[in-house]
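In case you want the letters, here they are:
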Amino acid sequence: MSIPANLKYTKDHEWVSIDGDVATVGITHFAQKELGDIVYVEVETLDQTLEKDEVFGTVEAVKTVSDLFLPLSGEIIAFNEELESTPEAVNSDPYGAGWMIKVKIANASEIDSLLSDEAYKELIGA
């Protein structure tokens, strides 16, 4: 199972890539595998400022719908619009083409609460 070392992770199975004061967020390989075939990604929080752990959207798979939780407080500044026509990219490339949102980080100290790749591997038993 792919768990890139250069990313941060949450206990809710989101991954986070930090570039300056912008975080790119998606769901992990483990999460997409557990959900199954993803058919729809909904993010209605674009241009909104949310707190850490608030729901920023949902991901719908064939048999279930799951909330997406914001790993860091901030403003949602971008949504991966490619997912509207190709939501299966979350299954095939969760750490690349399957990214979901970009967030302008409001509180950089929250980054310290994210999991390292090693801690995330321990969490999922990988």
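The residue numbers shown here count from 1 along each chain, following its written sequence. Thresholds applied to this predicted model are a pLDDT of at least 70 for local features of residues and 80 or more for the giving and counting of side-chain atom pairs; totals over whole chains, interfaces and linings are not thresholded and use all residues. Only hydrogens and water are set aside when side-chain values are computed; all heavy atoms of the structure are taken into account.

Per an unreviewed UniProt entry, the protein goes by the name Glycine cleavage system H protein and belongs to Flavobacterium calami. Recorded in UniProt for the protein, the comment headed Sequence similarities (unreviewed entry) runs: "Belongs to the GcvH family." Per UniProt, the protein has the following entry under Function (unreviewed entry): "The glycine cleavage system catalyzes the degradation of glycine. The H protein shuttles the methylamine group of glycine from the P protein to the T protein." UniProt positions are given in the numbering used here, feature names are shortened, and annotations may be inferred rather than shown by experiment.

Chemist: Tell me what's going on with the overall build of the protein, and back it up with residues and numbers.
Modeler: When its secondary structure is counted, the protein shows 4 helices and 9 strands. Written out in order from the N terminus, the α and β elements of the protein read β-β-β-α-β-β-β-β-β-α-α-β-α. Once the C-alpha set of the protein is aligned to its principal axes, its extents read approximately 35 × 35 × 20 Å. Scored against the burial criterion, the 126 residues of the protein give a buried share of 45%. Contacts are assigned to residue pairs that have any heavy atoms within 4.5 Å of one another. Long-range pairs, those at least 24 residues apart, make up 59% of the contacts in the protein with a sequence separation of at least 6. The Shrake-Rupley method, run with a 1.4 Å probe, gives the accessible areas here. Residue values count only the displayed protein chains as cover. Carbon and sulfur atoms form 45% of the exposed surface of the protein, whose accessible area is close to 6500 Å². As used throughout, the charge tally considers Lys and Arg to be positive and Asp and Glu to be negative, leaving His and the chain termini uncounted. To locate a charge, the coordinates of NZ of Lys, CZ of Arg, CG of Asp or CD of Glu are taken. Within the protein, one finds 8 positive and 25 negative side-chain charges whose respective centroids are separated by 8 Å. Numbering of helices and strands starts at the N terminus; helices are DSSP runs of H or I of at least 4 residues and strands are runs of E of at least 2. With a 1.4 Å probe rolled over the protein chains alone, any residue whose accessible area is under 20% of its type maximum counts as buried; one over 50% counts as exposed, and the rest are partly exposed.

Chemist: Tell me about the sheet that holds strand E2 (residues 14–19), residues and numbers included.
Modeler: Read from one edge of the open sheet, 6 strands run E1-E2-E3-E9-E8-E5, paired in antiparallel fashion. Strands with a single pairing partner mark the edges of an open sheet, and in this sheet they are strand E1 (8–9) and strand E5 (49–50). Two strands make a pair as long as DSSP finds a minimum of two bridges between them. Across 4 bridges, strand E3 (residues 22–27) lies against strand E9 (residues 101–105) in antiparallel orientation. Paired with valine 25 across the bridge in E9 is isoleucine 101.

Chemist: Tell me about the nonpolar core, residues and numbers included.
Modeler: Buried residues of nine kinds, namely Ala, Val, Leu, Ile, Met, Phe, Trp, Tyr and Cys, make up a nonpolar core once their side-chain atoms join them within 4.5 Å. Ile27, Val41, Phe56, Met100 and Ile101 are the most contacted members of the largest nonpolar core, which totals 21 residues. Contributions of two or more residues to this core are made by E3, helix H1 (29–35), strand E4 (38–42), strand E6 (55–61), strand E8 (74–79), helix H3 (89–92) and E9. The element best represented in this core is E6, accounting for 3 residues. Beyond its immediate chain neighbours, meaning those up to four positions away, isoleucine 27 contacts His13, Glu14, Trp15, Gln32, Leu35, Ile38, Leu68, Val90, Pro94 and Met100. Counting 9 residues, the second-largest nonpolar core is a separate cluster that includes Leu7, Tyr9, Phe30 and Leu115.

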